[in-house]
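# Per-entry structural report
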Amino acid sequence: MPDSYDVVIIGSGQAGNPLATALADAGRRVVLIEEYLLGGSCINYGCSPVKTMLASAERAHQVRTAVDFGVLADAPRVDMAAVVARKDVVIGAMREGVRKNLTQEHPGITVLAGRAVFTGPHSVRVALETGPEKELTAPLIFINTGTRAAIPEVDGLAETGFLTTTELLDLPELPEHLLILGGGYIGLEFGQMYRRFGSRVTIIESGEQVLEHEDADVCATLQELLEAEGVEFVLGAKAYRASKGAGGQITVAARTSSGERRLRGTHLLIATGRTPNSDKLNLSAAGVRVDEQGYIQVNSRLQTNVRGIYALGDVHGGPQFTHLSYDDYRIVRDALLGGKSRSARQRPLPYAVFTDPQLGRIGLSEAQAREKKIAYRVAVMPVSNIGRARETGRLGGFFKVLVDAKDQIIGAAILCAEGGEIMTMLQLAMTGRLKYQVLQQMIFAHPLWAEALNNAFAKLKEPKK
Ligand SMILES: Cc1cc2nc3c(=O)[nH]c(=O)nc-3n(C[C@H](O)[C@H](O)[C@H](O)COP(=O)(O)OP(=O)(O)OC[C@H]3O[C@@H](n4cnc5c(N)ncnc54)[C@H](O)[C@@H]3O)c2cc1C
Ligand SMILES: NC(=O)c1ccc[n+]([C@@H]2O[C@H](COP(=O)([O-])OP(=O)(O)OC[C@H]3O[C@@H](n4cnc5c(N)ncnc54)[C@H](O)[C@@H]3O)[C@@H](O)[C@H]2O)c1
């Protein structure tokens, strides 16, 4: 006999966990199934471990550049095992918090360790870690199974051996020369991090610029700043073969516009995007539709084509961020418990790339504004104009803010130390529909980074044709 519940949640991701607690608090009998680690990718092998290790890399950078600030220090020696151990302590505490919340603080939740597969539209089978299988039924099923690294088709890749971020984050030694396939979020954050730890780093990107969706000026400046730290880039590179030499050296062969390249290193990180964890769910048993890449198709309320089955977070496609998965939870919670209807298609999309300087992004890029034929003016201000930047020696980058015909801010790219935080102020202004002049006239405490918003709009210009 299957065990019957009110709600089945598959995956302990950024939507599944809070949804489990909210529905249990509302008196529903909830079962949450996780095949690997409670807390999902963000806590265990995504955002948090990366940002924790980036903090170690920043320390190394500060020591290396201390002399510029009149502080004498020997060259930093990085103990990767200790860096990884520190990360494990930080994320271990986070994971423990999730475990306690789900298993001790909410008696209405049953947590099962194992892989879930559909056996019908309202039933799943769980292959429990402890051995036996369990059959479950529920009228409501939420899929929050996330993604994994997409592995590109490059001859010889499997035999050569490669790392994904999950393995690299646990590597207790420093790669001598890290090759990174992909110059997106992961490529840039890991590229700078390992360079600062002391590796030689080469980023091999198939596109003509890093961060494929950003304006070319933003990407070029960020690339230059990373190059100044010694990160090497090979752009427009179509990698077609990987091989490993007798001495363990890895070679990636790539075609570029300037000819054939053979890129050699000691380790290879694959960072070419993600693929959804929908293929092992036996979705056909439930009749749930996916797109050609395997992302689960949902409507603006996150419902799949099968009544009672929802997909939340990265597994339904679109931008992949923790805060969006969490917002998916809020949309579903408010619909089920509050009778409110909000669309997942009309929400702001803030994000930050955690390089140094950070790139904080909100709203339209210049290319998107052009594509949508929106009349705009653009203000560009170098970070080196900012007092705080001069004081701290963090001079790289620029603010770029777009304003529409009604003086409303419609988009920003803030490439600056704490660029994510500054972007968030602009997001607040956008949400409150403040005209840019309000920020221009606001009294900010001196000398904060925020103060730069007084001057950022001084040179608002029509875009170049
Ligand atoms: C290296 C890296 C860095 C990142 N940095 C950031 C960042 O700085 N900021 C940001 O916003 N986003 C970042 N992201 C993206 C972010 O981690 C995800 O968008 C976010 O975690 C949302 O995930 P999710 O809720 O969809 O599911 P996840 O958190 O991925 O959870 C899915 C869970 O489902 C489980 N599962 C899968 N299939 C089954 C099954 N059949 N049965 C049972 N369980 C199953 C998995 O084991 C996993 O625990 C990063 C991602 C990576 C890889
Ligand atoms: N700070 C953050 O918010 C953050 C940080 C890390 C990851 N993430 C999330 O994780 C996701 C995955 O990150 P990612 O960097 O793997 O993906 P991405 O989509 O950001 O970048 C992948 C890059 O790889 C390139 N590429 C694709 N195939 C290639 C090939 N065969 N050879 C060389 N280059 C190739 C693409 O052109 C692209 O620039 C992101 O979409 C993001 O949502 C977010």
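Quantities reported herein were computed from a predicted structural model and do not represent experimental measurements.

Time to look at the UniProt feature "binding site: FAD" (unreviewed entry) in the chain. Feature annotation in UniProt assigns "binding site: FAD" (unreviewed entry) to the following positions: Lys51 and Asp314. Summarising the element assignment, Lys51 is placed in helix α3 (residues 47-64). Contact partners of Lys51, with chain neighbours within four places excluded, come to Glu189 and Phe354. When sequence neighbours within four positions are dropped, the list of residues in contact with Asp314 reads Gly146, Thr147, Tyr295, Gln320 and Phe321.

Moving on, we come to the domain arrangement of the chain. Partitioning the chain into structural domains gives domain 1 (3-148 + 275-337), domain 2 (157-272) and domain 3 (351-454). Computed over C-alpha atoms, the centres of domain 1 and domain 3 are 32 Å apart. At the junction of the two partners, domain 1 supplies seven residues and domain 3 supplies six residues. Both faces combined, the contact of domain 1 with domain 3 buries some 420 Å², and carbon together with sulfur accounts for 69% of it. In terms of surface lost to domain 3, no three residues of domain 1 exceed Lys51, Phe69 and Phe321, which account for 58% of the buried area on that side. Linking domain 1 with domain 3 are zero salt bridges, by the criterion used here. Here the side of domain 1 that touches domain 3 takes four residues from α3, the largest share from any one element.

Tallying each qualifying case throughout the model produces zero disulfides. Free of any disulfide, Cys416 has its nearest neighbouring cysteine sulfur in Cys219, separated by 17 Å.

Quick notes on the rules
- Residues numbered from 1 in each chain as written.
- Chains lettered and ligands numbered in written order.
- Predicted model: local features only at pLDDT ≥ 70, side-chain atom pairs only at ≥ 80, totals over all residues.
- Heavy atoms only, no water.
- UniProt positions renumbered as here; feature names shortened; annotations may be inferred.
- Helix = DSSP H or I, 4+ residues; strand = E, 2+ residues; numbered from the N terminus.
- Contact = heavy atoms within 4.5 Å.
- Domains from an automatic or database assignment.
- Buried area = accessible area lost by both parts, 1.4 Å probe.
- Salt bridge = Lys/Arg side-chain N within 4 Å of Asp/Glu carboxyl O.
- Disulfide = S-S within 2.5 Å.

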